[in-house]
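# Examining the three-dimensional arrangement
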Amino acid sequence: MSSLTSDILAQSLSRISKTVDGTGYAFTRLDVKDKGLTDLGEDIVKYQHIRHINVSNNQIEDISSVVSLPHLLSIDAQSNSIQALEPFNQDGLQFLQILNLSKNQITSLTAVKLPLLRSLNLNENQIETAETFPGHDQIQELELRSNKLTSLVGVRNIPRLQKLYLAENELESLTGLEALPALEYLHVRHNKISSLDGLVDLPNLKSINLRENAITSVEELAKLKELPNLKTIAVSGNPFVDEFGDTYRKEILIVISTLSKIDKEDVTAEERAEAIEEAATRKAEAEAEAAAAAAEAEAAAAEREGAEDEEEEDDN
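Residue positions are counted from 1 within each chain, in the order its sequence is given. Local features in a predicted model are, by the rule used here, given only for residues with pLDDT of at least 70; side-chain atom pairs are given and counted only at 80 or more, and totals for whole chains, interfaces and linings are based on all residues. Computation of side-chain values: all heavy atoms of the structure, hydrogens and water removed.

### Quick notes on the packing of aromatic side chains
The geometry of an aromatic ring pair comes down to the distance between the two centres and the angle between the two planes. Definition in use: Paired rings are identified among Phe, Tyr and Trp, the last through its six-membered ring, by centres lying within 6.5 Å, and are further divided according to the angle between planes into stacked (under 30 degrees), edge-to-face (over 60) and tilted (the rest). Secondary structure elements follow DSSP: runs of H or I no shorter than four residues count as helices, runs of E no shorter than two count as strands, and numbering proceeds from the N terminus. The rule is simple: take the accessible area with a 1.4 Å probe, protein chains only, and divide by the maximum for that residue type; under 20% is buried, over 50% is exposed, in between is partly exposed.
Under the counting rule described, the total for this entry stands at one aromatic pair. Ring plane angle 55° and centroid distance 5.7 Å describe the contact between Tyr165 and Tyr185, whose orientation is recorded as tilted. Residue Tyr165 is found in strand E8 (residues 163-165), and its partner Tyr185 is found in strand E9 (residues 185-187); the two are separated by 20 residues along the sequence. Residue classification places Tyr185 among the partly exposed residues on the basis of a relative accessible area of 24%.

Here is the structure:
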């Protein structure tokens, strides 16, 4: 075991700034990455003026002592052995804005107080569920890439969330996303998504990355027409793309005519015009088929009626 000693602390402090109360000057940054640490020791609480801390690439399991540092603005604790978010669901860290806990061993997304938190990075953990997450008033960016999520139940009530990263999980649908009125960017590449149900209540969504999923029908994308601000979509690596080959962009535009970018390439005026023309042709053909079918049904009904009348006459 290797603890954060006073000697290591003294060598790892930097950036002298005026204290928050304006009465003096103090070190405000601590960088102890790659020190082989297993715990943060007892001396760290003496440095009450630290605003930024980097403890990444260690073997730390218990990070609760950082809660005693009242002026922290950012914590980088990626690549450690932290197993839960409980230390961040208590009073303290009233000013923390950025929390990076990627590449740890956290198994569930649970409540965090942290009233000013803007960015929460939980990439490459072991997170299987978010069901008990109550939401957060201030988070603007939430990263959950490369976890084990099979459901999005619990990813809700984050009114300021603008960017949500969920790539490389085990999601089959996007049902569960609720009360995310500010969400602009949704990244769900490399999951198992076959259904786009559950995306109707995202009024500000501008971009969605659906690459490398299991969408088999372009008609599934029609559900995205309910998103009034959607302009950018990425879908390469889905089965329906292979089915249509070079014409898949046109097929998407027939379904969602308002897109401006597909798979990182701008939609051209020529593509849009071709899609509009094809959509009109298909509509006319469908209407003609429907009219023909109606006429055929009407003729068949008349023929049956005539046959019934003849039978009545014969009986008389």
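### Quick look at the environment of Ala130
Quick reminder of the rule: Throughout, a contact is declared for two residues whenever any of their heavy atoms are within 4.5 Å.
On the secondary structure map, Ala130 appears in the loop between strand E6 (119-121) and strand E7 (141-143). On the accessibility criterion, Ala130 (1% relative accessible area) is buried. Separated by 123 residues in the primary sequence, Ala130 and Asp7 place their C-alpha atoms 40 Å from one another. Residues contacting Ala130, with those up to four places away along its chain left out, are Leu109, Leu149, Val153, Gly154 and Val155.

### What to know about the nonpolar core
Test applied: Only buried residues count toward a nonpolar core, which is a set of Ala, Val, Leu, Ile, Met, Phe, Trp, Tyr and Cys residues joined through side-chain atoms within 4.5 Å.
Judged by nonpolar contacts, the single largest core of 79 residues is most densely connected at Ile75, Phe88, Leu174, Leu186, Leu210, Leu221 and Leu224. Mapped onto this core, the elements with two or more residues apiece are helix H2 (239-244) and helix H3 (248-255). With four residues, the top contributor of residues to this core is H3.

### Looking at a nonpolar patch on the surface
Rules: Only residues above 30% relative accessible area that lack a salt bridge enter a patch, with like-charged residues linked at up to 9 Å and the nonpolar side chains Val, Leu, Ile, Met, Phe, Trp and Tyr linked at up to 5 Å. Only the protein chains shown count as cover for residues, with accessible areas throughout obtained via the Shrake-Rupley method and a probe of 1.4 Å. Salt bridges, as used here, are contacts in which a Lys or Arg side-chain nitrogen is within 4 Å of a carboxyl oxygen on Asp or Glu.
A grouping of Ile16, Tyr25 and Phe27 is seen on the molecular surface, where their side chains present a nonpolar patch of about 360 Å² in accessible area. Within the element layout of this structure, Tyr25 appears in strand E2 (residues 25-31).

### Here we look at the side chain of His52
Rules: Pairing of N or O atoms within 3.5 Å defines a polar contact, subject to two protein rules: one partner must be a possible hydrogen donor and the other a possible acceptor, and residues neighboring in sequence count only if both atoms are side-chain atoms.
Mapping His52 onto the fold places it in strand E3 (residues 52-54). Within polar-contact distance, the side chain of His52 engages the side chain of Ser74 at 2.8 Å.

### Details of H3
Along H3, six of the eight residues are buried, which leaves the element largely enclosed by surrounding structure. Listed in full, the buried residues belonging to H3 are Tyr248, Arg249, Glu251, Ile252, Leu253 and Val255.

### Looking at the environment of Arg282
Mapped onto the fold, Arg282 is located in helix H4 (residues 269-315). According to the relative accessible area criterion, Arg282 is partly exposed, its value standing at 32%. As a C-alpha pair, Arg282 and Ile254 span 28 residues in sequence and 9.9 Å in three-dimensional space. Setting aside its immediate chain neighbours within four residues, Arg282 contacts Glu251 and Ile254.

### Quick look at the pairing of strand E1 (residues 13-18)
Inclusion rule: Only strands joined by at least two bridges in the DSSP assignment are considered to pair.
Alignment of E1 against E2, held across five bridges, turns out to be antiparallel. Of the residues in E2, the one forming a bridge with Ser17 is Ala26. A loop of six residues connects E1 with E2, the two strands running antiparallel in sequence, and Gly22 in this loop sits at a positive phi of about 75°.

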